[in-house]
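Here's the letter readout for the chains.
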Amino acid sequence: MVSKKGGAGLAAAVGAAVLLGAGSAQAATAPHPAPEAGPATLTKTDVGQALNGTTSGLGYGIAPIKSLRLDPWANSSADLLNNGATVQPDQGLAPVGTGTLTGPLSAGGGAKDLPLVGGLTGVLPG
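First, a word on scope: everything that follows refers to the structure included in this document. All residue numbers refer to position in the chain's written sequence, counted from 1. Given that the model is predicted, a residue must reach a pLDDT of at least 70 before its local features are reported, and side-chain atom pairs must reach 80 or more before they are shown or counted; all residues, however, enter totals for whole chains, interfaces and linings. Side-chain calculation: all heavy atoms of the structure are included, whereas hydrogens and water are not.

Quick look at the overall build of the protein chain
For step 1, the next point in the chain: The secondary structure content of the protein chain amounts to four helices and two strands.
For step 2, the next point in the chain: The buried label goes to any residue with under 20% of its type's maximum accessible area, the exposed label to any with over 50%, and the partly exposed label to all in between, with areas taken from a 1.4 Å probe on protein chains only. Looking at the protein chain as a whole, 12% of its 126 residues qualify as buried.
For step 3, the next point in the chain: Here, residues are in contact when the closest pair of their heavy atoms is within 4.5 Å. Restricting the contact set of the protein chain to residue pairs at least 6 apart, pairs at least 24 apart contribute 58%.
For step 4, the next point in the chain: With residues, only the protein chains shown are counted as cover, and all accessible areas are computed by Shrake-Rupley using a 1.4 Å probe. When the accessible surface of the protein chain is summed, it comes to about 10200 Å², and 66% of that surface belongs to carbon and sulfur atoms. Each helix is a run of H or I in the DSSP string that is no shorter than four residues. Each strand is a run of E no shorter than two, and both are numbered from the N terminus.

In structure tokens:
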């Protein structure tokens, strides 16, 4: 009876012999010796391609953050930002309230939906 381990070991030995034999045959038929090793040089970096890769990578990383829901209790009965306060100034001025700032958050929006910050997130890639 032949064990499976012996067959696998035999196959590995034959494969190694074939690879080593092929490598020595190629080394013997090399047309000329390898060139002398000189000082190592680095290739010049293409700045345009490096910036393009960085910008596209940042776009994929930042895009989900811009639309991430900032208020975890948005659209629920436990939402604290759903309550607003409005003040009516004297002398006929327009009322000032907190709903302008907290409204996008209590609706489940992210940083891109905020009134002042949303315009600034358009500068970011993604």
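What about the side chain of D71?
For step 1, the next point in the chain: By the element assignment, D71 lies in the loop between α2 (47-66) and β1 (86-87).
For step 2, the next point in the chain: When charges are counted, Lys and Arg are positive and Asp and Glu negative, with His and the chain ends excluded. Only one rule defines a salt bridge in this text: a Lys or Arg side-chain nitrogen within 4 Å of an Asp or Glu carboxyl oxygen. For the buried residue D71, which engages in no salt bridge, the nearest side chain bearing the opposite charge is R69, 6.8 Å off.
For step 3, the next point in the chain: Setting aside residues up to four positions removed in sequence, D71 forms contacts with D79, L81, L105 and S106.

With respect to α2
For step 1, the next point in the chain: End to end, α2 covers 27 Å across 20 residues, agreeing with the expected 28 Å (1.5 Å per residue, within 8%).
For step 2, the next point in the chain: Bend at a given residue is defined as the angle between two axes, one fitted to the seven residues that end at that position and one fitted to the seven that begin there. At Y60, α2 shows its maximal kink, close to 30°; a proline, P64, follows between one and four residues later.
For step 3, the next point in the chain: Three or more residues of α2 are buried, namely G59, I62 and K66.
For step 4, the next point in the chain: Residues of α2 that are buried in the fold lie against α4 (117-121). The length a helix should cover is 1.5 Å for every residue beyond the first.

Topic: the environment of D79
For step 1, the next point in the chain: Its location among the elements puts D79 in the loop between α2 and β1.
For step 2, the next point in the chain: Judged by its relative accessible area of 5%, D79 falls in the buried class.
For step 3, the next point in the chain: In this structure, the C-alpha to C-alpha distance between D79 and S106, residues 27 residues apart in sequence, is 6.9 Å.
For step 4, the next point in the chain: In this structure D79 touches D71, W73, A74 and S106, once residues within four positions along its chain are discounted.

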